[in-house]
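Understanding the architecture of this molecule
One letter stands for each residue in the lines below.
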Amino acid sequence: MSGVPDALKIAISSDHAGNVLRGVIRDWLVEEGYAVTDLGPGPGESVDYPDRARPLAEGVASGRFDRGVLICGTGQGMAMTANRVPGVRAAVVADTFSARMAMAHNDARVLCLGERVVGAGVALDCVEAWLNAEFEGGRHARRVEKIG
Ligand code: RB5
């Protein structure tokens, strides 16, 4: 699938607590053929999660990216920040059912994971479930609109 012109554009970022998992997920996304933009940070850099979450969320809101993946220690701070950007819905997940439903019912274009919460295997399964899910629309679209 690599090199597919209409590949989904996915941005990924983390703070220092999510660096290792970010690398694992980024490499997997690239192997799967997605158009991946890694927004950092560099190795060993200690950074504040709001400074990483906001630019990614703004990129998703503007349409520069189709989806975003944010990783910190728990995923919580990333989601709290991303959800402050108008039009963005970010979901913290630690299981595949929640990951799938975050897209199917909530149209969450940003997925947040905690490197201190889930192992790489579960995290990759979550990302895959979320990417393979489709927003169901209908009554869910009405509810999602009410969030805004
Ligand atoms: C960093 O120590 C940690 O607080 C951060 O990665 C995150 O878990 C916050 O939500």
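Scoring rules and cut-offs
- Residues numbered from 1 in each chain as written.
- Predicted model: local features only at pLDDT ≥ 70, side-chain atom pairs only at ≥ 80, totals over all residues.
- Heavy atoms only, no water.
- Helix = DSSP H or I, 4+ residues; strand = E, 2+ residues; numbered from the N terminus.
- Rg over C-alpha atoms; globule rule 2.2 N^0.38 Å.
- Buried < 20%, exposed > 50% of the residue type's maximum accessible area, 1.4 Å probe, protein only.
- Contact = heavy atoms within 4.5 Å.
- Near = heavy atom within 4 Å.
- Polar contact = N/O pair within 3.5 Å; in protein donor to acceptor, adjacent residues only side chain to side chain.
- Areas by Shrake-Rupley, 256 points an atom, 1.4 Å probe, with all protein chains shown as cover.
- Salt bridge = Lys/Arg side-chain N within 4 Å of Asp/Glu carboxyl O.

**Side note on the overall build of the protein**
Helix and strand counts for the protein stand at six helices and five strands. Reading the protein from its N end, one meets helices and strands in the order β-α-β-α-β-α-β-α-β-α-α. For 148 residues, the compact-globule estimate of 2.2 N^0.38 gives 15 Å, and the protein sits close to it at 14 Å. Projected onto its principal axes, the C-alpha coordinates of the protein cover approximately 45 × 35 × 30 Å. Across the 148 residues in the protein, those meeting the buried criterion constitute 47%. Counting contacts in the protein only where the partners sit at least 6 residues apart, residues at least 24 apart contribute 71% of the total.

**A closer look at the site of the ligand**
In the vicinity of the ligand, the contacting residues are D15, H16, A17, Y49, C72, G73, T74, G77 and R116. Here an oxygen atom of the ligand sits 3.0 Å away from a polar atom, N or O, in the main chain of T74. Note that an oxygen atom of the ligand is positioned 2.9 Å from one of the backbone N or O atoms of G77. Contact with the protein chains covers 72% of the free accessible surface of the ligand, which is 290 Å².

**Notes on the pattern of salt bridges**
With the rule as written, the count across this model stands at six salt bridges. Between D107 and R89 there is a salt bridge, and its shortest N-O distance comes to 3.3 Å. Note that D107 is positioned in the loop between α4 (96–104) and β5 (110–114) and R89 in the loop between α3 (76–82) and β4 (90–92), a separation of 18 residues in sequence. Given the relative accessible area of 8%, D107 is considered buried. Via salt bridges that share partners, R22, R26, D27 and D38 belong to a single interconnected network.

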